[in-house]
Structure formats: C-alpha cells, structure tokens
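This is what each chain is made of:
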Amino acid sequence: MAKAFGIVNFAGNHVRVEGLQSYRPVAAVSFLGRYRVVDFPISNMSNSGIDHIQVYVRRKPRSLNDHLGTGRHYNINSKRGRLHTLFSMTGNEQDLYNNDIAAFYDNMECIESEDFPYVVIAPSYMIYCQDYTDLIETHIESGADITMLYHTVDNAKRAFINCNVLNLNKQKGVLDMEPNRGTAKTRNISMDTYIMKKELFIELIHKAKKTSSLYTLADIINMECGELDIRGVSHRGYFAAISDFESYYNANISLIDFKTARSLFSKDWPIYTRTNDSAPTHYFESADVKNSVISNGSSIEGTVEHSVMGRGCQIEEGAVVKNCVVLSGVKIGKGVHVENMVIDRNAKLIHTPEIIADPGHPRYIKRGDTL
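Residues numbered from 1 in each chain as written. Predicted model: local features only at pLDDT ≥ 70, side-chain atom pairs only at ≥ 80, totals over all residues. Heavy atoms only, no water.

**Q** Would you mind going over the pattern of salt bridges with me for this structure?
**A** Two side chains of opposite charge can pair, provided their charged atoms sit close to one another. Per the counting criterion, the structure on display carries 7 salt bridges. The partner of R24 in a salt bridge is D344, and the shortest N-O contact between them spans 2.9 Å. With R24 in the loop between strand 1 (4-9) and strand 2 (30-31) and D344 in the loop between strand 25 (341-343) and strand 26 (348-349), the pair connects residues that are 320 residues apart, well separated along the chain. Taking relative accessible area as the criterion, R24 reaches 5% and is therefore assigned buried. (Salt bridge = Lys/Arg side-chain N within 4 Å of Asp/Glu carboxyl O. Helix = DSSP H or I, 4+ residues; strand = E, 2+ residues; numbered from the N terminus. Buried < 20%, exposed > 50% of the residue type's maximum accessible area, 1.4 Å probe, protein only.)

**Q** Would you explain the environment of Y364 in this entry?
**A** Here Y364 is to be found in strand 28 (residues 363-365). In the structure, Y364 is positioned 345 residues away from G19 in sequence and 6.7 Å away in space, judged by C-alpha atoms. Ignoring anything within four residues of it in the chain, the contact list for Y364 reads G19, L20, Y23, F245, M341, V342 and D344. One polar contact links Y364 to D344, side chain to side chain, over a distance of 2.6 Å. (Contact = heavy atoms within 4.5 Å. Polar contact = N/O pair within 3.5 Å; in protein donor to acceptor, adjacent residues only side chain to side chain.)

**Q** Teacher, can you tell me more about the environment of D268 here?
**A** Topologically, D268 is positioned in the loop between helix 9 (258-262) and strand 14 (282-283). Spatially, the C-alpha atoms of D268 and N47 are 9.2 Å apart, while their sequence positions differ by 221 residues.

Below, the structure is given as structure tokens:
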C-alpha cells in the first residue's frame with residue numbers, strides 16, 4: 001500500500017483537441033483502439049499501490065463517468081480502495097474560472113478526508129508509464145517540498161506547444177516554469193505530475209485561491225519556486241501529451257511501430273481499461289491488413305494500412321483505409337478510399353468515394369456523421 005492518494009487532474013485551457021473534445025473531455029478520448037487516455041494515469045497509480053484515487057472532471061462528464069464506473073477494472077482494492085469522480089461547481093460558461101484550483105477548493109472536504117501523508121497529482125491528457133512508488137521514495141529521501149516529473153525532448157520547436165517547460169539549475173532544482181512557445185529545440189517538458197505532502201497541497205490551494213481566481217496549480221507552484229524546494233526528476237520511456245488534434249493523431253500512429261509500443265507497454269506494467277465480450281475481428285478472404293492496430297469486434301473485407309481501428313468497425317469490400325485513426329463503430333462502405341483522417345465514433349463513410357487529407361495535416365470526421 002502506497003503512502004499517498006492519487007489525483008488525476010483535468011486538462012487546462014491550453015489543451016484543445018479539435019472535434020473530439022466537442023463530445024467528451026480529453027481524458028475520455030479513445031486511444032489506440034481499445035483504451036481511453038485516462039486509463040494510463042489511473043493504471044500507473046493502481047500498479048504503484050495507490051488505491052484511493054480522485055478523478056476530476058471539468059466538463060461533459062458522461063462518457064468519462066460511464067468508462068470509469070466503479071473502478072473495479074483498474075485492479076483497485078475492492079475493500080479499502082476507491083475511485084472517486086469529482087466535479088468543479090464553477091459554471092462551464094466561465095472557462096477561465098473553471099480551473100483545477102477551483103475544483104480542488106470545491107472538493108476540499110474530500111481531499112482533507114484522505115488518510116495519507118502524501119499526494120500524487122497526474123494529468124489526464126498525458127500518456128506515459130511511471131512507478132510512483134519509486135518517485136515517492138525519491139521525494140522523501142531528497143527532503144524536497146515538491147517533486148516534479150519532466151521529460152526532455154528534442155522536438156520542442158514543433159511539438160508540445162503551450163505545455164509548460166521546466167527551467168532547472170545544475171542540481172535539477174526547478175527555477176521556474178514557462179509555456180513552450182517553440183523557440184528552442186531541446187526543452188524539459190513538465191509532465192504536470194507532482195508529489196508533495198497533503199498539508200502543503202492544501203496550503204497551496206488556499207494560497208492560490210486568495211491570490212487570484214484565475215490561478216491554476218501550475219501557477220501557484222511556479223510562484224513558489226523561489227520559496228519552496230522544488231526538484232525535477234527526469235522521466236524515461238514513451239511520453240506523449242494529447243494537447244491538440246495533431247498530437248492525438250501522431251501519438252496513435254506512432255504506437256503502430258512495435259518498437260515504440262514496447263517502450264510504453266510491458267507485461268509487468270499492465271494498462272487497465274474497461275473491456276467487453278465482443279468476438280474477435282473477422283478477416284474475410286478479400287481483406288488486406290498491413291502494419292495496423294485492429295481492435296476486436298470488427299469486420300474487415302477491404303484494405304487497412306498503417307491505421308488504428310477501434311472496436312466494432314466495418315470495412316466493406318473494396319474500401320481502403322490508410323494512415324487513419326478510426327474510433328469504434330465506424331463503417332467504411334464499398335469502394336470508399338479514406339486517408340490521413342481521424343474518424344469519430346459511429347460515422348458512416350458510404351456515399352463519398354474519396355476522402356483524403358494532406359499527409360502532414362490530418363483531418364477530422366464528426367461523430368455519427370454520414371458522408
């Protein structure tokens with residue numbers, strides 16, 4: 001049993017996943033055919049022995065709530081553990097004020113009631129694996145007030161835009177944070193993952209609330225960099241931030257590569273998700289599937305190449321799906337050619353024979369749309 005409870009924080013205003021976010025929070029977006037983005041932080045906590053987990057929801061909670069359910073599919077201890085979904089009381093129409101500090105403040109009683117000395121806070125829009133048990137021990141041994149996880153990248157000029165960057169001293173102390181504006185190639189991207197004592201967390205919430213209604217947790221921690229001992233710990237392995245539409249598409253497509261997928265998935269570190277009892281995918285004689293991730297329950301008669309396909313899809317004879325991320329329940333009709341697209345749930349591409357986007361700029365097809 002860990003010495004901490006977990007908080008899965010919702011995505012901030014800088015996260016804008018065009019199209020997909022219109023129907024659900026980023027946490028509930030389908031990933032790699034069978035997962036949801038939120039499965040990764042919750043699985044990290046569960047695998048680390050953290051079985052008291054609070055998941056915060058900012059807006060459009062239905063799909064996330066349905067997926068989380070009781071949390072039993074995350075291997076959380078059924079007797080002492082709990083997965084608790086919490087909401088901000090701030091109106092959705094005031095997005096600037098509907099931030100994480102407001103949500104924490106509205107649910108302060110739930111935070112104070114957790115009988116653990118430490119809290120692990122992780123984002124709902126980032127995908128990575130991390131043993132928080134080791135991170136908690138590192139934090140305790142260092143004597144730091146706050147430990148932050150970061151990932152060093154060499155493509156910051158074109159990726160991770162608007163994600164926070166950590167500026168570190170030689171001892172990996174955090175000097176400050178700033179948004180990534182794409183001005184440098186190599187940057188230390190903040191993974192929005194924090195470990196601190198519960199009492200300090202509560203103190204920061206009150207201080208942020210008193211300072212400004214617009215302050216987020218990242219804002220108040222940045223303000224305290226000169227006063228508190230805040231240290232960075234480097235993350236190794238796969239890391240993706242689902243912060244915009246292209247980053248969502250690229251993260252899915254990148255994991256088609258088996259070597260890349262092995263840096264995220266391990267038999268010793270399972271990623272839990274809600275499962276169903278649908279039949280295996282049926283591949284007909286006319287099917288031609290290459291270099292793709294195919295989920296169960298589908299029916300494939302056509303061609304699928306370098307694509308990710310969700311559950312229960314139907315690819316009819318003569319159809320071609322290439323370089324696409326296809327969510328569950330999609331139908332691609334006979335002779336339809338679709339390329340470089342993200343196709344949302346239950347869409348039907350049956351009338352338009354060719355739907356092709358520029359390879360460098362994937363496009364989006366709305367949920368339930370018929371083309």
